[in-house]
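Overview (structure and organization)
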Amino acid sequence: MQALSLLLRQIRLESDGTASFELVDPEGRKLPTFKAGAHVDVQVPGGPRRSYSISSSPADRGCYRIAIRREPASRGGSAWFHEQARVGMRLEIHGPRNEFELDETALHSVLVAGGIGITPLLPMVGRLSELGRGWSLHYSARHLREMAFTAELGRLQARGRAELHRYVTADGDTRMDLRAIVASAPAGSHFYCCGPAAMIDGFLDATQALPLSHVHYERFSATQAAATDGGYQLRLMRDGRSLRVVPGRSMLDTLLDAGVALPYSCTQGICGSCRVNVLHGQPDHRDECLSDEERASNRVVMPCCSGSLGPVLTLDL
């Protein structure tokens, strides 16, 4: 996918520890379309490429707004944005991509957000409001001052057919009951969750009896260690080469070392940027973004974190 060079037009403090960053085309051109739940990959100057959800409306093609929380254990992305980003800078953007797409046909949607997990859900509730669909949002944070976009959410709620529930967990008295939330939802509802690992795990436990097509979630980080045992061959069908994956290196490491131009961002199997089609062999799936059906088909793999269960894996590269 072609990179975009976008201008950082505005930086805005949205809550304690969270800032939003508006990216626009320098010439005022419209940006590529996206659907609610999408993200962009941002090349951090002098650093890694990182994925950030688009929190602005899909109807606004003049701007991509991303929101980033300042993380003490930053791997390079949030620290740069909070300490070095300045209005007027140019940033290289790839995307948008979507592994967490809103089902616009659902009559009612239940959305669960933890902290910065509100970012992909905000355009979802905006879109649902535009469509006249019912929605309820359950938004949790340690402190009220850490909740971003509360005024915007209030305006969306005021449009009707919407419920907004806030949970402040620092006092230990207002934690959300995911089982009760799921049980009280209208029949046929779709459920969405983005937040910390414990919240995602609780959400999946509470929704396990529902059809898989009605349960959607996006994680912040991987729950499995990347496959780095090595000991197998990668056959590149179009390239013609065979590459040995040695212990201690990932499939993505091996491809990049060999000069294969492959997009990637999170390196944890979350964003879906490095997806590659599999022609033969059985991947050892370690990602968080493929569906159960996609993993079972063995037709696609995330090379940043996954490996091979057999001696040879043939890729469409």
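Here, the structure is the one placed above.
A brief look at the structure comes next. Please read all numbers here as calculations on a predicted model, not as lab measurements.

In space, the five strands of this open sheet follow the order β9-β8-β7-β10-β11, with parallel pairing throughout. Only two strands of the sheet have a single neighbouring strand rather than two, namely β9 (162–168) and β11 (215–219). Within the sheet, the average angular offset between the axes of one strand and its neighbour, ignoring direction, is 10°. Relative to strand β8 (residues 134–141), strand β7 (residues 108–114) runs parallel, the two sharing seven bridges. When the bridges of β8 are listed, Gly-114 appears paired with Ser-140. Helix-sheet contacts for helix α3 (residues 150–157) involve β8 and β9, and the interaxial angle to β9 is about 150°.

The omega torsion across Gly-95 and Pro-96 is 5°, close enough to zero to call that bond cis. Here the phi dihedral of Asn-298 falls at roughly 55°; this positive angle occurs in a residue that is not glycine.

Below, the discussion takes up helix α2 (residues 118–131). A rise of 1.5 Å per residue sets the reference length of α2, with its 14 residues, at 20 Å; its end C-alpha atoms lie 20 Å apart and thus fit the reference within 8%. With eleven of 14 residues buried, α2 lies mostly within the body of the structure. All of the buried residues along α2 are Ile-118, Thr-119, Pro-120, Leu-121, Leu-122, Pro-123, Met-124, Val-125, Gly-126, Leu-128 and Ser-129.

Scanning the model with the defined rule gives five aromatic pairs in all. For the pair Trp-80 and Phe-81, a centre-to-centre distance of 5.1 Å together with 90° between the ring planes defines the contact as edge-to-face. As far as burial versus exposure is concerned, Trp-80 and Phe-81 are alike and both buried. The structure contains a cluster of three or more aromatic residues connected by ring pairs, namely Phe-21, Tyr-52, Trp-80 and Phe-81.

Of the volumes computed, that of the largest pocket is approximately 1300 Å³. Arg-69, Glu-71, Ile-116, Gly-117 and Phe-220 are the residues nearest the centre of the largest pocket, which is lined by 44 residues in total. Secondary-structure elements contributing two or more residues to the lining of the largest pocket are β4 (49–53), β5 (64–69), α1 (77–83), α2, β8, α5 (197–206) and β11. Here the lining of the largest pocket takes four residues from β4, the largest share from any one element. In this structure, the second largest pocket encloses a volume near 750 Å³. Around the second largest pocket, the lining is made up of 25 residues, and of these Val-215, His-216, Tyr-217, Leu-290 and Ser-291 lie nearest the centre. Elements with a contribution of two residues or more to the lining of the second largest pocket: β11 and α7 (292–297). Among the elements that take part in the lining of the second largest pocket, β11 stands out by supplying five residues, more than any other. Residues that form the lining of the second largest pocket fall into these classes: nine nonpolar, six polar and ten charged.

Next up on the list: the environment of Pro-247. Topologically, Pro-247 is positioned in the loop between β13 (242–245) and α6 (251–257). Distance in space between the C-alpha atoms of Pro-247 and Tyr-232 is 9.3 Å, their sequence separation being 15 residues.

What follows deals with the nonpolar core. In terms of nonpolar packing, the biggest core is built from 26 residues, with Leu-111, Leu-121, Met-124, Trp-135, Leu-137, Tyr-139 and Leu-153 touching the most fellow members. Residue assignment for this core shows that the elements contributing at least two residues are β7, α2, β8, α3, β9 and β10 (190–195). Contact partners of Leu-111, with chain neighbours within four places excluded, come to Leu-121, Met-124, Val-125, Leu-128, Trp-135, Ser-136, Leu-137, His-138 and Tyr-192. Of all hydrophobic cores here, the second largest spans 23 residues; its members include Cys-274, Cys-289, Cys-304 and Cys-305.

Next up on the list: the pattern of salt bridges. Between side chains of opposite charge, a pair can form as their charged atoms come close. Using the criterion set out here, one finds 23 salt bridges in the structure. Notably, a salt bridge pairs Arg-12 with Glu-14, separated by 3.4 Å at the nearest N-O pair. By relative accessible area, which is 47% here, Arg-12 ends up partly exposed. Put simply, Arg-179 and Asp-205 hold a salt bridge, and the shortest N to O gap is 2.5 Å. In this pair, Arg-179 is assigned in helix α4 (residues 178–184) and Asp-205 in helix α5, connecting sequence segments 26 residues apart. You can call Asp-205 partly exposed: its relative accessible area is 35%.

Turning to the side chain of Ser-20, a few remarks are in order. Looking at where Ser-20 falls in the secondary structure, it is placed in strand β2 (residues 18–24). With sequence-adjacent residues up to four places away left out, Ser-20 is seen in contact with Gln-10, Ile-11, Arg-12, Glu-14, Arg-65, Ile-66, Ala-67 and Phe-149.

What follows covers the pairing of β10. Counted residue by residue, β10 has six buried out of six residues, so it is predominantly covered. Alternating residues of β10 divide into His-190, Tyr-192 and Cys-194 and Phe-191, Cys-193 and Gly-195, and every residue in both groups is buried. By the bridge criterion, five bridges tie β7 to β10 in an arrangement that is parallel. Note that in β10 the partner of Leu-111 across the bridge is Tyr-192. Running through α5, the crossover from β10 to the neighbouring parallel element β11 is right-handed.

Conventions used here
Residues numbered from 1 in each chain as written. Predicted model: local features only at pLDDT ≥ 70, side-chain atom pairs only at ≥ 80, totals over all residues. Heavy atoms only, no water. Pairing = 2+ DSSP bridges. Helix = DSSP H or I, 4+ residues; strand = E, 2+ residues; numbered from the N terminus. Axes fitted to C-alpha atoms, helices over the stretch in contact; angles between N-to-C directions. Contact = heavy atoms within 4.5 Å. Expected span 1.5 Å × (residues − 1). Buried < 20%, exposed > 50% of the residue type's maximum accessible area, 1.4 Å probe, protein only. Phe/Tyr/Trp six-rings, centres within 6.5 Å; stacked < 30°, edge-to-face > 60°. 1 Å grid on protein atoms, 1.4 Å probe; cavity = no way out; pocket = protein on both sides within 12 Å on 5 of 7 lines; lining within 4 Å. Points joined across faces, edges and corners; volume = space filled by probe spheres on them. Nonpolar A, V, L, I, M, F, W, Y, C, P; charged D, E, K, R; others polar. Core = buried A, V, L, I, M, F, W, Y, C linked by side-chain atoms within 4.5 Å. Salt bridge = Lys/Arg side-chain N within 4 Å of Asp/Glu carboxyl O. Right-handed = clockwise from strand over helix to strand, strands pointing away.

Honestly, it's all geometry; don't read function into it.
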